[in-house]
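Descriptive structure summary
This is what each chain is made of:
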Amino acid sequence: MQPWLTILVPGLVGLLLLLVPGLAVGRVLRLRGLLWWGTAPLLSGGIIGTTAVAAPALGLAWGVGTVALGTAAGVVLALIVRLLTLGVPRRTEGTPEQRRRAGLAAVGGLLVAAAVQAGRIVAALDGPGVISQTFDANYHLNAVQLILDRADASSLHMTLSTPDKVTSFYPALWHGLVALIEQVTGVGVPEATTTLTLLVAAVAWPLSVLAMARVMFGPHALLLGSAAALATAFTQFPELLSFYGVLYPNLLAYAVLPAFLALVLRALVRRPSRAWIADVALLVVGAVALTLAQTNALFAAAFILLPAVAVALWQRSRTWLARTSVPAGQARAWVGLVWALTASLAVLAYVASGRIQTVQGLRTSPVYWPVDDSVLGATWKAIILSAGSELAKPQWVLALLVAVGVVAAVRMPRHYWLVAAHAVVIALYVVSTSVEGPLRSQLTGYWYGDDIRLAALLPVTGVPLAALGVAQLVRWLSAVPGWVARRRSADVAVRHGRPSAGRRDLPAAAVLVVVAALAVGQGFLPAGQQSFDELARGYHVDPTSTGSIGLLSANEMELLSELDEIVPEGVVVAGNPWDGSAMSWAVGDRQALFPHISIIWTEETGTIAVRLNEANTDPRVCEAVEDLNVGYVLDMGRPMWGGDPNGGHLAYPGLEGLVDAGVAEPVASVGPARLLEITACD
């Protein structure tokens, strides 16, 4: 446990970054209670991400001071919006006692979720400085180092994989936050990355779930407490995205997605006319956060919210038709016109987004991932919550709660949309894993057709359904003769999902204890244990191994940690990124010539990759070496996966046989991992 104490201060800094900007702006815009706290990470993301994009244009270097200025600007803009909404009454739901009990239940569930998720991550990782042994780890850690070196965290300037470009978009909110933690505390990039992983998975996600649950269920203690406690019980999220990929940006984006859904659902409810100004402001900030965290979360929100918009429009139409004095035929014509306009706007938005080159490419490019399941098989996996991994085991208890929640929701008109939204998420997963053809790209290209990213969306709709399932089970049990809570608990899952006034609900508190035990105990069931094992394996470095099975071995980590003592500052290190040498930047603080596996070569970097071992006979090689200030080469032995499946490690043939060719000499080694100094270009 001792190594984890080193990230207590970074953890506090990260927590402040995730909460303070959003709390400040949310308070000015009159958010209160659980919705205020629950949307804080989302709003903070929008403020920090916008600040990162604006800072270079204003000549500001990336840092906490710049974020403070951005937060101040956000507060000023929020004050302007506040002035425009003066006189709009603030709605309050439930009695003070109901709100108090709901708050206590929510905090209890939140503490359970945070403790469970943080405990699982801490237990699975060998320490805060470990590195994910995965394909994308190079990119995400080196992107942080790129931000630190340039003092620029703009998502428009993420040129790590395209070094010949000045402008290149990649959602960089995650990387900017990690860079801030590193700047303030001085911990290494790996430690700062682990810190943010913990905070996003254990704090931001359950807070975001609470925001959505509060809007959906009102001040209902049992439903809010259950939703919070169950937030980290599903293996599909956040744990899956903590080790698969590794998909840090998607982890952040999905963690705040429920908060964005909460803001939209809140805006869909009939409110005072001028309240829409604040609603729009909040939604813009939230949409920016999703876009700059991982843009596919914004498309996920669109798919999930389609049923909510349709149900809201249907309910509004019925209410208006029932109350209007307009002749029936004319009234139906007006309703039809509204529906037609809404559908036209949706089609227009779809077509307009397709004008964006990147979006169009995602919709039309063939999906790389192979189809590996049948429609029925994939549907069944999504229902029993074994989607997300070939090794994933069913989560029978959670699947039962979700199923019971569906039964409860179809009896509550205000929750019809949730059942449809869950079906949409399941359908997207099924298409990604079992449907061939252009439809697959059209519907799931935003996620590259990756079924893992889509499986990770299941808890977004599954958690509130599971909470409804808990409440429905309590209602059924309350009908059993002799049940202590019969009089009070019979109203737990009332048709409109709202609490009724009454005395203290002791049985509900007991149920919350059971739900908390379920969340804790889920980790000891086969599905939870398998997920834990995959998380641990994704970060583990065998100290006795002589070569890397994943990205790095213990020997290679040790050599990387010594780079700053051997390689002069400012000198660039070459190496095949498939063998972990790209980590010379994030771990060794020396810039990697090839910082990511999927980097696009320039003419000069391509010369080094293909012909460095010809430096004694080809003068163009040394010209490239000198222009790029390359002085050393890392030779880390066996590459991950045996190298590029499309070309093997020989995709970098110029880095082979350098010593035999008289181009470089060894200057340091740890086991088979070697650091070579280029001598042919002196």
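Residues numbered from 1 in each chain as written. Predicted model: local features only at pLDDT ≥ 70, side-chain atom pairs only at ≥ 80, totals over all residues. Heavy atoms only, no water.

For the protein, the count of helices and strands is 27 helices and four strands. Scaling as 2.2 N^0.38, a compact globule of 682 residues should have a C-alpha radius of gyration of about 26 Å, and the protein matches this with 27 Å. Seen through its principal axes, the protein has C-alpha atoms that stretch 90 × 55 × 50 Å. In the protein, buried positions account for 55% of the 682 residues. Taking all contacts inside the protein whose residues are at least 6 apart in sequence as the whole, residues at least 24 apart take part in 73%. For the protein, the accessible area works out to roughly 27,800 Å², and carbon and sulfur atoms hold 64% of it. Taking the 43 positively charged and 44 negatively charged side chains of the protein as two groups, their mean positions are separated by 32 Å. (Helix = DSSP H or I, 4+ residues; strand = E, 2+ residues; numbered from the N terminus. Rg over C-alpha atoms; globule rule 2.2 N^0.38 Å. Buried < 20%, exposed > 50% of the residue type's maximum accessible area, 1.4 Å probe, protein only. Contact = heavy atoms within 4.5 Å. Areas by Shrake-Rupley, 256 points an atom, 1.4 Å probe, with all protein chains shown as cover. Lys, Arg positive; Asp, Glu negative; His and termini not counted. Charge placed at Lys NZ, Arg CZ, Asp CG, Glu CD.)

This part is about the packing of helix H2 (residues 33–57) against helix H11 (residues 275–294). The geometry of H2 relative to H11 is characterised by a closest axis approach of 7 Å and an angle of 70° between their N-to-C directions. One way to sum up the angle between H2 and H11 is to call them roughly perpendicular. Handedness of the crossing formed by H2 with H11: left-handed. Contact residues: H2 offers Leu42, Leu43, Gly45, Gly46, Ile47, Gly49, Thr50 and Val53, while H11 offers Leu282, Val285, Gly286, Val288, Ala289, Leu290 and Leu292. Class assignment for the residues of the contact of H2 with H11 results in ten nonpolar, five polar and no charged. (Axes fitted to C-alpha atoms, helices over the stretch in contact; angles between N-to-C directions. Parallel < 35°, antiparallel > 145°, perpendicular 65-115°, else oblique. Left-handed = near helix turned anticlockwise from the far one by under 90°. Nonpolar A, V, L, I, M, F, W, Y, C, P; charged D, E, K, R; others polar.)

So, on to helix H16 (residues 396–409). Over its 14 residues, H16 extends 20 Å from the first C-alpha to the last, a length consistent with the 20 Å expected when each residue adds 1.5 Å. Among all positions in H16, only Leu398, Ala399, Leu401, Val402, Val404, Gly405, Ala408 and Ala409 are buried. (Expected span 1.5 Å × (residues − 1).)

Another point: the confidence of the model for the protein. As a note on interpretation, predicted positions should not be read in detail where pLDDT is low. Confidence in the prediction for the protein averages 89 pLDDT; 93% of positions are at 70 or higher. Mean pLDDT per element in the protein: helix H21 (residues 486–489) is the minimum at 47, and helix H6 (residues 173–185) is the maximum at 98. Per-residue pLDDT stays below 50 along residues 483–506; that stretch engages in 60 contacts with residues further than four places along the chain or on separate chains. (pLDDT = per-residue confidence, 0-100.)

By secondary structure assignment, the location of alanine 387 is in the loop between helix H15 (375–383) and H16. Looking at alanine 387, the relative accessible area reads 3%, which means it is buried. Each C-alpha atom, one on alanine 387 and one on leucine 180, is 35 Å from the other, the two residues being 207 residues apart in sequence.

Quick look at the sheet that holds strand E1 (residues 572–575) now. A sheet is described by the order of its strands in space; here four strands give the open sequence E1-E2-E4-E3, paired in mixed fashion. Every interior strand has two partners, whereas the edge strands, E1 and strand E3 (664–670), have only one. In this sheet, adjacent strand axes meet at a mean angle of 30° when their direction is disregarded. Pairing geometry for E1 and strand E2 (residues 630–635), over four bridges, is parallel. Paired with valine 572 across the strands is valine 630, a residue of E2. Against the sheet, helix H24 (residues 554–561) engages E2, E3 and strand E4 (673–678), with an angle of about 115° to E3. (Pairing = 2+ DSSP bridges.)

Moving on: the pattern of salt bridges. Scanning all chains against the criterion turns up nine salt bridges. Residues arginine 100 and glutamate 97 are paired through a salt bridge, measuring 2.9 Å at the closest nitrogen-oxygen approach. Taken together, the positions of arginine 100 and glutamate 97, both in helix H4 (residues 96–124) and three residues apart, correspond to about one turn of that helix. A salt bridge links arginine 453 to aspartate 450, with the shortest nitrogen-to-oxygen separation between them at 3.3 Å. Across this residue pair, the class does not change: arginine 453 and aspartate 450 are buried. Taken together, the shared-partner salt bridges in this structure form one network comprising Arg611, Asp618 and Arg620. (Salt bridge = Lys/Arg side-chain N within 4 Å of Asp/Glu carboxyl O.)

Our next topic: the packing of helix H10 (residues 248–268) against H11. Between H10 and H11, the least distance of the axes is 9 Å, while the angle of their chain directions is 165°. When the axes of H10 and H11 are compared, the pair comes out roughly antiparallel. Viewed along their axes, H10 and H11 form a crossing whose handedness is left-handed. Every residue of H11 that contacts H10 at Pro249, Asn250, Leu252, Ala253, Val256, Leu257, Phe260, Leu263, Val264, Arg266 and Ala267 is listed here: Asp279, Leu282, Leu283, Gly286, Ala287, Leu290, Ala293 and Gln294. Class assignment of the residues belonging to the contact of H10 with H11 gives a composition of 14 nonpolar, three polar and two charged.

Moving on, we get to the state of the cysteines. Note on terminology: a disulfide is the covalent bond linking the sulfur atoms of two cysteines. Following the criterion strictly, the structure yields one disulfide and no others. Two residues, cysteine 622 and cysteine 681, share a disulfide whose sulfurs are 2.1 Å apart. The sign of the -80° torsion about the S-S bond sets the cysteine 622-cysteine 681 disulfide as left-handed. Taken as a pair, cysteine 622 in helix H27 (residues 619–628) and cysteine 681 in the segment after E4 lie far apart in primary sequence, 59 residues in all. Note on accessibility: cysteine 622 and cysteine 681 belong to one class, buried. (Disulfide = S-S within 2.5 Å.)

This paragraph deals with the packing of aromatic side chains. Aromatic ring pairs are described here by two measures, namely the spacing of the ring centres and the angle between the planes. This structure, assessed with the given rule, holds 16 aromatic pairs. An angle of 50° between the planes, with centres 5.9 Å apart, marks the rings of phenylalanine 237 and tyrosine 254 as tilted. Here tyrosine 254 lies in helix H10 and phenylalanine 237 lies in the loop between helix H8 (221–230) and helix H9 (239–243), a separation of 17 residues in the sequence. For the pair tyrosine 446 and tryptophan 447, a centre-to-centre distance of 5.7 Å together with 85° between the ring planes defines the contact as edge-to-face. Both residues of the pair, tyrosine 446 and tryptophan 447, belong to the buried class. Three or more aromatic residues joined by ring pairs form one cluster here, namely Phe299, Phe303, Tyr446 and Trp447. Between the NZ or CZ atom of arginine 27 and the centre of the ring of tryptophan 36, over which it lies, the distance is 4.6 Å. Sitting over the ring of tyrosine 350, arginine 363 keeps its end group 3.7 Å from the ring centre. (Phe/Tyr/Trp six-rings, centres within 6.5 Å; stacked < 30°, edge-to-face > 60°. Lys NZ or Arg CZ within 6 Å of the ring centre and 35° of its normal.)

This paragraph deals with the environment of leucine 83. Here leucine 83 shows up in helix H3 (residues 64–84). The exposure class assigned to leucine 83 is exposed, which follows from its relative accessible area of 59%. For the pair formed by leucine 83 and leucine 29, sequence separation is 54 residues and the distance between their alpha carbons is 9.8 Å.

Let us look at the environment of tyrosine 254. Overall, tyrosine 254 belongs to the buried group, its relative accessible area being 0%. Along the chain, tyrosine 254 and proline 238 lie 16 residues apart, while their C-alpha atoms are 8.3 Å from each other.

Relative to E4, E3 runs antiparallel, the two being bridged by six bridges. Within E4, the position partnered with glutamate 665 by the bridge is glutamate 677. Connecting the antiparallel pair E3 and E4 is a turn made up of two residues, with glycine 671 showing a positive phi of about 65°.

Residues other than glycine predominantly adopt negative phi, and peptide bonds predominantly adopt the trans conformation. Residue proline 238 is bonded to the preceding phenylalanine 237 through a cis peptide linkage, with omega at 5°. As for its position among the elements, proline 238 is in the loop between H8 and H9. Omega for the peptide link from glycine 245 to valine 246 comes to 0°, which places this bond in the cis form. Here valine 246 lies in the loop between H9 and H10. In the Ramachandran plot, alanine 151 falls in the positive-phi region, its phi being about 55° despite a non-glycine side chain. One non-glycine residue, aspartate 589, lies in the positive phi region at around 60°. Mapped onto the elements of the fold, aspartate 589 is located in the loop between E1 and helix H26 (603–611). Aspartate 589 sits in the partly exposed class, given a relative accessible area of 43%.

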